[in-house]
Amino acid sequence: MSQAQPPTEPTSDVTRRRFLALLVHGGWAAALGVLVYQIGRFLGAEGLTSGPSPLVAAGKLADFPPDSTTYVPEARAWVQHEAAALTALDAVCPHLGCLVQQKEGDSGFRCPCHGSEFGVNGELERGPAERPLRQLEIQTRPDDTVTIRTT
Ligand code: FES
């Protein structure tokens, strides 16, 4: 009469099962991390963006004569030099992202895509856009270089 041996699981099955469990749990943890990161970015959490906003060199101060409005393609911005001050408006329409054009007679801006209109200071005059043009930070450095912060 032979003695009964307790059933044993093959060690290769246990290893494979544990490996698959680790793989599944690791996948879920990675997916959760990506989800939390994306929600944080969507909500604009500080510290999730990398580095300072990009600065674009827009040219020299002499490139923007007094009482002028100049388009700077590198920054996708309209730079105005009025009353001895430079201001910059984002040329990207807040409706769906087309580039706004200057209206005739320097009377503001118009979007060629769906007809939104903005005043000379970027204020919303006519939709479908629901927000004004964004004011961008603009600086003149001691060497007369003009820079625009685009985001
Ligand atoms: S993208 Fe400018 S009005 Fe629609």
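Keep in mind it's a predicted model, so treat the numbers as computed, not measured.

A. Inspection of the sheet that holds strand β3 (residues 77–82) at higher detail. Across the sheet, which stays open at both edges, the six strands sit in the order β1-β10-β9-β4-β3-β2 with antiparallel pairing between neighbours. Whereas interior strands pair on both sides, the edge strands pair on one side only; in this sheet they are β1 (55–60) and β2 (68–72). Within this sheet the neighbouring strands show an average axis-to-axis angle of 30°, counted without direction. Sheet topology places β3 next to strand β4 (residues 85–90); six bridges connect them, and they run antiparallel.

B. Inspection of the environment of Arg149 at higher detail. Here Arg149 shows up in strand β10 (residues 145–149). For Arg149 and Ala57, which are 92 residues apart along the polypeptide, the C-alpha to C-alpha distance reads 9.0 Å.

C. Structural context of the sheet that holds strand β6 (residues 109–110). Reading across the sheet, the four strands line up as β5-β6-β7-β8 and stay open at both edges, with antiparallel pairing between neighbours. Each having just a single partner strand, β5 (101–102) and β8 (124–126) make up the two edges of the open sheet. Across two bridges, strand β7 (residues 117–118) lies against β8 in antiparallel orientation. Paired with Glu117 across the bridge in β8 is Arg126.

D. How the structure looks around the nonpolar core. Within the largest apolar cluster, 22 residues are counted, with the highest numbers of intra-cluster contacts made by Ala77, Val79, Ala88 and Ile148. Every element with two or more residues in this core is listed here: β1, β3, β4, β9 (135–140) and β10. By residue number, the principal contributor to this core is β3, which donates three residues. With residues up to four places along the chain from it excluded, the contact list for Ala77 reads Val72, Ala88, Leu89, Asp90, Ala91, Leu136 and Ile148.

What counts and how
- Residues numbered from 1 in each chain as written.
- Predicted model: local features only at pLDDT ≥ 70, side-chain atom pairs only at ≥ 80, totals over all residues.
- Pairing = 2+ DSSP bridges.
- Helix = DSSP H or I, 4+ residues; strand = E, 2+ residues; numbered from the N terminus.
- Axes fitted to C-alpha atoms, helices over the stretch in contact; angles between N-to-C directions.
- Core = buried A, V, L, I, M, F, W, Y, C linked by C-beta atoms within 7 Å.
- Buried ≥ 20, exposed ≤ 12 C-beta atoms within 10 Å, placed from the backbone.
- Contact = placed C-beta atoms within 7 Å.

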